[in-house]
Amino acid sequence: MTCLEVRELLAELAVDTITTEDRKEVERHLQWCAGCRKEASDLGQAAAILAYSLTPASVPQGLNERVVDRVRRVAGGSGTPRRARTAAAAIVAAIVAVASLGWGAVMAGRADRFADRAEQAERDRARALERFQVVLSQVIPGEEISSNEGARLGQLAPAAGGTGGAAVLQLVSPTMLDFVIVIANGLSDDPDRLPYRVQLSNDAGQVLRAGRIAELDSDGGAEVFRQFQTQPLTGYSTVTLLDAAGEVVLTGTVDQTP
Amino acid sequence: MSTRPDGPLLAREEQQLVEALLAGNEEAVRTLYARYARPIFTLGLRLLGSAEAAEELTQDVFVAAWRKAARFDPSRGRLSTWLMTIAHNLAVDRLRRETGATRPQLVLVDEVPEVIGADEDEPMIERDAAIRALETLSDAEKGLLARAYFGGFTAREIAEADGTPLGTVKTRLRTALIKVRRANQDKERP
């Protein structure tokens, strides 16, 4: 689709009346076109404003607790040591901030972006690490990626003929629990392919499970977070996302150099 | 997790809230709920037509926010609009999945009463801003947006119903949204 064709559809995208086929085409275009993405964002925000014009209804009693309970169940319950969580939180917070600085485009990219722009991705990764350091210093003053926090970035590219892409961050530290985050996008929602599994492997062929993706959002996206209570992630630099049949969907390595 | 009790959150406070959400901070969910549950539930009630469905939607929105928090991009809009976009998407998806061609009950914006009930004394700054933004629209524009956003009518359906060219309906829809956005931006400027 051209920008002209896309812009004709952005208002309908904003109010959710666009057809499924057009939505896919438009969203594909928005991944690389900053101008149309800006307009889509503006129109989407305008549409969201409409919701606030409604006369507020009374919320059922106890809904607060039911919401918290539901989120708690989804999150898999508590029990993770606070210290480790806090450290992970700082890193994740840094990722969010990096995303706002521009790396989000890399993380949100789809298959063609990863495949077609491998070289650019390498440069982006180096730049992302620099930005990551800037943001990390703001989150944890004095913290250096190279000295204490083993923050390793990587990208997963689709297997031949496949779709999707992912960004990976591993946090490897002698004093904190190790942590991995995988943010995937553009995965097929074919029920036969779900659930997806994410695994880490080292050169000796040892494999660690990093998580499972049972459902996808409308972008074919999902996140996997996992803390490793006893297992250090050193050496587990290969990250693979497989479908339910065990077929490799995405694969890549995290950068081993801090 | 501490935020000011009333008034829209500053961008920095939204960022802190998202960070707390990502950290698995349960208090962040409660803060988010306190601020946004009511408009989300209200939207669900209007689009889905029952308190039960609206409650399910509200729960789904907070779960989605928890799961997708890493994708919140402050450069692309406020937290409130991000949550409302999630709510609208989920509601529309549910309607399409469950009711096929059945439309949610149409709620015309100019039918919305202006008076808030006595038990509704919490700050409604977002609502005031939304109403002020909608006041910049003509009645025809308000009706058009209501049919699309609250009624789920496509541009083609509106064009056929009104006997108006499809291109004209699309242009009017876009123009109305741009007017709302600009009016809201003007409000946000100091």
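What you see is a predicted model, and the numbers here were worked out from it, not measured in a lab.

> Help me out: how do you make sense of the overall build of chain A in this one?
What chain A contains, in helices and strands, is 7 helices and 8 strands. Each of the 258 residues in chain A was classed as buried or not, and the buried ones make up 52%. Here the contacts in chain A between residues at least 6 apart in sequence split such that 59% fall between residues at least 24 apart. With an accessible surface of roughly 11600 Å², chain A has 50% of that area assigned to carbon and sulfur atoms.

> Please clarify how the overall build of chain B should be interpreted in this entry.
Per the secondary structure count, chain B includes 8 helices and 0 strands. Secondary structure elements in chain B, listed N-terminal to C-terminal, are α-α-α-α-α-α-α-α. Split into buried and exposed, the 190 residues of chain B put 51% on the buried side. Counted over contacts in chain B with a minimum sequence separation of 6, partners at least 24 positions apart contribute 66%. Total accessible area computed for chain B in this model is approximately 9000 Å², and 50% of it derives from carbon and sulfur atoms.

> I keep staring at the interface of chain A and chain B and nothing clicks. Help me out?
Interface size is often expressed as the accessible area that is lost when the parts come together. On the side of chain B, 73 residues touch chain A, which itself brings 60 residues to the contact. Of the roughly 6200 Å² buried between chain A and chain B, counting both surfaces, carbon and sulfur atoms make up 62%. Our enumeration of links across chain A and chain B arrives at 6 salt bridges. Ionic pairing is found between R174 of chain B and E39 of chain A, a salt bridge with its closest N-O pair at 2.5 Å.

> Would you take a moment to explain the pairing of strand β6 (residues 222–228) of chain A for this structure?
Remark: a regular strand shows side chains that alternate across the two faces of the sheet. Residues and elements named next belong to chain A. Burial within β6 is extensive, with 5 of its 7 residues counted as buried. Pairing geometry for strand β3 (residues 178–185) and β6, over 7 bridges, is antiparallel. Across the sheet, the residue bridging to I183 is E223, located in β6.

> Would you explain the packing of helix α1 (residues 3–14) of chain A against helix α2 (residues 20–32) of chain A in this entry?
The description of two helices packed together rests on the angle between their axes and the distance between the axes. Residue and element names in this part refer to chain A. Axis separation between α1 and α2 bottoms out at 10 Å; the angle between their running directions is 115 degrees. In this structure, α1 meets α2 at a crossing whose hand is left-handed. Between α1, through C3, V6, L9, L10 and L13, and α2, the contact on the second element is made entirely by D22, R23, V26, E27, H29 and L30.

> Help me out: how do you make sense of the nonpolar core in this one?
Burial of nonpolar side chains together is a common tendency in soluble globular proteins. Formed by 90 residues in total, the largest nonpolar core has its most connected members in L32, L43, L79, L83, Y149 and L177 of chain B. No other element matches helix α2 (residues 26–48) of chain B, which puts 11 residues into this core. V198, I213, A222 and L233 of chain A belong to the second largest nonpolar core, which has 25 residues in total.

> Would you mind showing me how to read the environment of Q227 of chain A here?
Mapped onto the fold, Q227 of chain A is located in strand β6. On a C-alpha basis, the gap between Q227 of chain A and Q170 of chain A in space is 9.8 Å, while along the polypeptide they are 57 residues apart.

> Explanation requested: the pattern of salt bridges in the structure shown.
Where side chains of opposite charge bring their charged atoms close, a pairing between them can arise. Residues and elements named next belong to chain B. According to the stated counting rule, one finds 18 salt bridges over all chains in the structure shown. Between E14 and R78 there is a salt bridge, with its nearest N and O atoms 3.2 Å apart. With E14 in helix α1 (residues 11–22) and R78 in the loop between α3 (51–68) and α4 (79–99), the pair connects residues that are 64 residues apart, well separated along the chain. Among the residues examined, E14 registers a relative accessible area of 4% and is labelled buried.

> Help me understand the confidence of the model for chain A in this model?
For residues with low pLDDT, the predicted coordinates do not support detailed interpretation. All names here are of chain A. Summary statistics for chain A give a mean pLDDT of 72 and a share of 66% for residues scoring 70 or more. Averaged pLDDT values for the elements of chain A fall to 36 in helix α6 (residues 111–116) and rise to 93 in strand β7 (residues 238–242). A low-confidence stretch, residues 96–119 (pLDDT under 50), is modelled with 53 contacts involving residues beyond four sequence positions or located in other chains. Low pLDDT (under 50) marks residues 145–149, which in the prediction has 18 contacts with non-local residues, meaning those over four places away or in another chain.

> How do you make sense of α3 of chain B when you look at a structure like this?
In this model α3 of chain B runs 25 Å from its N-terminal to its C-terminal C-alpha over 18 residues, within 8% of the 26 Å that 1.5 Å per residue would give. Residues A53, A54, E55, L57, T58, Q59, V61, F62, V63, A64, A65 and W66 of chain B constitute the buried set of α3 of chain B.

> Help me out: how do you make sense of the side chain of S80 of chain B in this one?
Following the sequence through the fold, S80 of chain B ends up in helix α4. Beyond its immediate stretch of four places on either side in the chain, S80 of chain B contacts Y52 of chain A together with E14, Y36 and E126 of chain B.

> How should the packing of aromatic side chains be read in this particular structure?
The relative placement of two aromatic rings is captured by the distance of their centres and the angle of their planes. All names here are of chain B. Across all of its chains, the model carries 2 aromatic pairs over all chains by this definition. Between Y33 and F62, the aromatic rings sit 5.7 Å apart at their centres with planes inclined by 40 degrees, giving tilted as the arrangement. Linking Y33 in helix α2 with F62 in helix α3, this pair joins segments that are 29 residues apart in sequence. For the pair Y33 and F62, a shared accessibility class is recorded, and that class is buried. Seen from their ring centres, Y149 and F150 are 5.1 Å apart, and the 85 degrees between their planes marks the pair as edge-to-face. The same class applies to Y149 and to F150, which are both buried.

> Can you help me understand the environment of S218 of chain A in this one?
Mapped onto the fold, S218 of chain A is located in the loop between β5 (207–213) and β6. In the structure, S218 of chain A is positioned 33 residues away from N185 of chain A in sequence and 9.7 Å away in space, judged by C-alpha atoms.

> Any chance you could explain the side chain of S53 of chain A here in plain terms?
All names here are of chain A. Summarising the element assignment, S53 is placed in the loop between α3 (34–51) and α4 (63–75). The class for S53 is buried, based on a relative accessible area of 2%. Looking at S53, its side chain comes within polar contact range of the main-chain oxygen of L50, at 2.6 Å.

Definitions and cut-offs
Residues numbered from 1 in each chain as written. Chains lettered and ligands numbered in written order. Predicted model: local features only at pLDDT ≥ 70, side-chain atom pairs only at ≥ 80, totals over all residues. Heavy atoms only, no water. Helix = DSSP H or I, 4+ residues; strand = E, 2+ residues; numbered from the N terminus. Buried < 20%, exposed > 50% of the residue type's maximum accessible area, 1.4 Å probe, protein only. Contact = heavy atoms within 4.5 Å. Areas by Shrake-Rupley, 256 points an atom, 1.4 Å probe, with all protein chains shown as cover. Buried area = accessible area lost by both parts, 1.4 Å probe. Salt bridge = Lys/Arg side-chain N within 4 Å of Asp/Glu carboxyl O. Pairing = 2+ DSSP bridges. Axes fitted to C-alpha atoms, helices over the stretch in contact; angles between N-to-C directions. Left-handed = near helix turned anticlockwise from the far one by under 90°. Core = buried A, V, L, I, M, F, W, Y, C linked by side-chain atoms within 4.5 Å. pLDDT = per-residue confidence, 0-100. Expected span 1.5 Å × (residues − 1). Phe/Tyr/Trp six-rings, centres within 6.5 Å; stacked < 30°, edge-to-face > 60°. Polar contact = N/O pair within 3.5 Å; in protein donor to acceptor, adjacent residues only side chain to side chain.

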